[in-house]
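Spelled out, the chains give:
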Amino acid sequence: MTTYLIRAASVLGGERSDLYLADGVIAALGADAADAATTARADGVDVVEIDASTLIALPGLVDLHTHLREPGREDAETVASGTRAAAVGGFTCVHAMANTDPVADTAGVVEQVWRLGEDAGWAQVRPVGAVTVGLRGEQLAELGAMADSAAAVRVFSDDGKCVDDPVLMRRALEYVKAFDGVVAQHAQEPRLTQGALMHEGVVSAELGLTGWPAVAEEAIVARDVLLAEHVGSRVHICHLSTAGSVDIVRWAKARGIDVTAEVTPHHLILTDEAVRGYDPQFKVNPPLRTAADVAAVRAGLADGTIDIVATDHAPHPDEDKDCEFAAAAMGMTGLETALSVVVAAMVDNPEYDFDWADVARTMSTTPAAIGRVAEQGRPLEVGEPANLVLVDPDATWTVDPAALRTASENTPFASDELPARVIATFWRGRATVLDGEPRARTDVRA
Amino acid sequence: MRHLLSAADLSRAEAIEILDTTATMAATQSREIKKLPALRGLTVVNLFFEDSTRTRISFEAAAKRLSADVINFSAKGSSVSKGESLKDTALTLAAMGADAVVIRHQASGAPHRLATSGWVRTPVVNAGDGMHQHPTQALLDAFTMRRHLAGGGEAGPDGIGRDLAGAKVVIVGDVLHSRVARSNVDLLHTLGADVTLVAPPTLLPVGVHTWPCAVSYDLNATIADVRPDAIMMLRVQRERMSSAGGGFFPSPMEYSRRYGLDGTRLAALPEHCVVMHPGPMNRGLEISAKAADSPRSTIVEQVANGVAVRMAVLYLLLAGGTETEGSR
Ligand SMILES: [Zn+2]
């Protein structure tokens, strides 16, 4: 088995250290690393040395919100293509959303998705289980069976649809306590968003596109934090997008409610102004909001009100985007651009005190904690799993949709120049990405 | 002008050029031989994804009177209903050699997509898209207003060269769903008119406060305070009152009482105020028969001006301007 000696990486953007990766763990750090590598070499072990003197080392990124589309929509993405894109984006773990076909609402489907991930070998796949049978919002799916399955599901979500029935939501919040699960809510009041195509405001009024009002998100967020308080459960808010939602979550946390929240990279950087050209690449759910909302979610991420960044990577084939706005599918890819967008919006932004340790916290440590993924989001210390990513903070790159590793090209960042580049990703001690290129596994699992 | 997608895209000079060209076109329409040779050999495609016989006929008449060949493509009974996309339809028409595409579509922004996606290279004229824009309607309304409010004297009966500075225009009705209202607010503002929108709050979009116009919920007060030079009644769909249709107002009767142009309100208007409606009308809902048929109603005249405006737009896009090279 190949081992890796990483030279002089800046750990979490701080002090430089050597790291030696062997047997799936961080085997040695600092001065010990080179010695360990020398010893290994003497024993005939293959050691690949990586000069990381201009690079930053972070724990492997963990995405709590990924649409891998398999089973059902393999034309848009597969577990293999999606996790390969994840690796290129610096991720060592993704949570695969349940809105597949068939829906991931049984132990059988979540185990299938989990196994596809293990076989593909690009990143750890943690299936998300549906809250309700068929995402229909009528009756609870067998949450316990999914939790007890080989996939060990801990995150449950009807994402794409809101669990809008308050009684059903209450039951779900209560029920998952038995196995330390969490319900991740897609907060969208359905009646207030019928036919909605974009954020309701000044731009939608001009464009004549049916509006998706901020209150439709905020009303559900407010209800759910109160429900979580009432039954003593934790609750997670998916892709929080409005200033009002930030205020509600801030209030809830101050009150001691066990709520966590995520923001997507695109909601950190794009506004509803982008829709003016009617380009469906900017059609997403929840919709792009106003500049004031962008400022609020950035501030919320910086002060910890918003716990994590999650991609909501939502691949779609060309035919679902190359059409009129109303007919287009909602969603954009994000796995390969997420880190760069967070750097552009937060790290390189002098308005916020947000450094690389905050990147590690919001894109690895905390999402792993919310998803109860024991082996991810760990500190870069001796004996910890060798899940890490090396980032060149000074590189820039231009987004070419066709060159991205996801099977779909629906990125909103086409032709944009973005900062920071993933140079290498290691998962369980194996390099899934080297020199910015994905490296397929050669040792096929028996 | 490469395309006509939105009234908001027109500068004051461009708008006046179109209105003045419309006057020229209108003059030819009172002649015995109405047909002009301007667009001979060119093909205009009317691409209608939404039923509108009135608008389609108006564009068809305009193109034919300029001697263009016209292909009518309507979604009903076409391959569109079998799932063929706007893109494929556009590619097909481009391959057939269209020189201009007039498009009506229920999706806001569809003409914009057609013009900017590279699917066709010809000029695109928006004949109404969703709740977004209907620029030729705004132009024909402005032309009609200019005739009545700025005509006369040395500018001639059509008010050649003039804008609508200071004209007070009140637009009443379902602004939320109306591309006519949006187009008119944009164009009338560009031409210097003062616009007041009147509607129940449920039929105004969130964000309307940023539009270049005043907004009122009270028609009686607006008629008394604004003393309008023109009042435009928008069509209101009866379905909008049902809960399935959105429940925007309690009943047609209540709408009519509060926002309809009845005999009393007609009498309260200044004597010179013209009464406009883009059609088709719901007599007895947003406008009484008395108002629609009164001598101050320009509703029939608007239809005639529609043909002249569309002649002017097609002429300027295909034969007139200096920026349309390559369109032939
Ligand atoms: Zn969602």
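Model, not experiment: these values are computed from the prediction.

Q: Please set out the packing of aromatic side chains residue by residue, giving values where relevant.
A: Tallied over the entire structure, the rule returns 5 aromatic pairs over all chains. Between the aromatic rings of A:Tyr175 and A:Phe179, the centroid separation amounts to 6.0 Å while the plane-to-plane angle is 75 degrees, which identifies the pairing as edge-to-face. For A:Tyr175, a relative accessible area of 44% puts it in the partly exposed group. By relative accessible area, A:Phe179 is classed as buried at 13%. Here the aromatic rings of B:Tyr255 and B:Tyr259 are separated by 5.6 Å at their centres, their planes lie at 35 degrees, and the arrangement is tilted. On the criterion of helical spacing, the pair formed by B:Tyr255 and B:Tyr259 is a turn pair, its members being 4 residues apart in helix H8 (residues 252-259). Assessed through its relative accessible area of 2%, B:Tyr255 is described here as buried.

Q: Outline the UniProt feature "binding site: L-aspartate" (unreviewed entry) in chain B, listing residues and values.
A: All names here are of chain B. When the UniProt feature table is mapped to this numbering, "binding site: L-aspartate" (unreviewed entry) covers Lys 82, Arg 179 and Arg 235. For Arg 235, the location among the structural elements is in the loop between strand E8 (230-233) and H8. Taking relative accessible area as the criterion, Arg 235 reaches 34% and is therefore assigned partly exposed. Leaving out residues up to four positions away in the same chain, Arg 235 has contacts with Asp 174, His 277, Pro 280, Met 281, Asn 282 and Glu 286. A polar contact is formed between the side chain of Arg 235 and the backbone oxygen of Pro 280, at a distance of 3.0 Å.

Q: Can you tell me about the layout of surface pockets, naming the residues and giving the values?
A: Residues and elements named next belong to chain A. Estimates place the volume of the second largest pocket at around 480 Å³. Residue lining of the second largest pocket: 26 residues in total, with Arg 69, Asn 99, Gly 160, His 316 and Met 330 positioned closest to the centre. For the lining of the second largest pocket, a count of residues per class yields 8 nonpolar, 12 polar and 6 charged.

Q: Please set out the packing of helix H7 (residues 214-231) of chain A against helix H8 (residues 243-254) of chain A residue by residue, giving values where relevant.
A: Residue and element names in this part refer to chain A. Contact pair H7 / H8: the axes reach a minimum separation of 9 Å and the direction vectors enclose 10 degrees. Of the possible angle classes, the one that applies to H7 and H8 is roughly parallel. Taken together, the residues of H8 that come into contact with H7 (itself represented by Glu 217, Glu 218, Val 221, Ala 222, Val 225 and Leu 226) are Gly 244, Ser 245, Ile 248, Val 249, Trp 251 and Ala 252. Its residues placed into classes, the contact of H7 with H8 shows 8 nonpolar, 2 polar and 2 charged.

Q: Now, about the domain arrangement of chain A: what can you tell me, with residues and values included?
A: Buried accessible area, meaning the area lost when the parts come together, often serves as the stated size of an interface. All names here are of chain A. By the assigned domains, chain A splits into domain 1 (3-57 + 383-443) and domain 2 (60-370). Computed over C-alpha atoms only, the centres of domain 1 and domain 2 are separated by 27 Å. Taken residue by residue, the interface counts 35 residues in domain 1 and 45 residues in domain 2. Note on domain 1 versus domain 2: buried area summed over both sides is about 3200 Å², and carbon and sulfur give 62% of it. One can count 1 salt bridge joining domain 1 with domain 2.

Q: Please provide a residue-by-residue account of the environment of A:Val155, values included.
A: With respect to the helices and strands, the residue A:Val155 is situated in strand E9 (residues 155-156). Aside from chain neighbours lying at most four places away, what touches A:Val155 is A:Leu64, A:His95, A:Pro127, A:Val128, A:Gly129, A:Val182, A:Ala184 and A:Gly371.

Q: With reference to specific residues and values, describe the coordination of the zinc ion.
A: Residues and elements named next belong to chain A. Here the zinc ion is held by Asp 159 (OD), His 186 (ND1) and His 239 (NE2), and the distances to it run 1.9 to 2.2 Å. Donor residues for the zinc ion sit on one chain with the sequence pattern D-x26-H-x52-H. Highlighted residues: Asp 159 in the loop between E9 and helix H5 (166-175) and His 239 in the loop between strand E13 (235-237) and H8, separated in sequence by 80 residues. Take His 239: its relative accessible area is 2%, and that puts it in the buried class.

Q: Describe the confidence of the model for chain B, listing the residues and the values that go with them.
A: All names here are of chain B. For chain B, per-residue confidence averages 91 on the pLDDT scale, and 95% of positions sit at 70 or higher. The model gives residues 322-328 a pLDDT under 50, and that stretch makes 13 contacts with residues more than four places away or in other chains. Predicted as a complex, the structure gets a pTM of 0.92 and an ipTM equal to 0.88.

Scoring rules and cut-offs
Residues numbered from 1 in each chain as written. Chains lettered and ligands numbered in written order. Predicted model: local features only at pLDDT ≥ 70, side-chain atom pairs only at ≥ 80, totals over all residues. Heavy atoms only, no water. Phe/Tyr/Trp six-rings, centres within 6.5 Å; stacked < 30°, edge-to-face > 60°. Buried < 20%, exposed > 50% of the residue type's maximum accessible area, 1.4 Å probe, protein only. Helix = DSSP H or I, 4+ residues; strand = E, 2+ residues; numbered from the N terminus. UniProt positions renumbered as here; feature names shortened; annotations may be inferred. Contact = heavy atoms within 4.5 Å. Polar contact = N/O pair within 3.5 Å; in protein donor to acceptor, adjacent residues only side chain to side chain. 1 Å grid on protein atoms, 1.4 Å probe; cavity = no way out; pocket = protein on both sides within 12 Å on 5 of 7 lines; lining within 4 Å. Points joined across faces, edges and corners; volume = space filled by probe spheres on them. Nonpolar A, V, L, I, M, F, W, Y, C, P; charged D, E, K, R; others polar. Axes fitted to C-alpha atoms, helices over the stretch in contact; angles between N-to-C directions. Parallel < 35°, antiparallel > 145°, perpendicular 65-115°, else oblique. Domains from an automatic or database assignment. Buried area = accessible area lost by both parts, 1.4 Å probe. Salt bridge = Lys/Arg side-chain N within 4 Å of Asp/Glu carboxyl O. Donors = N, O, S within 2.8 Å, 3.2 Å for Na, K, Ca; no water. pLDDT = per-residue confidence, 0-100.

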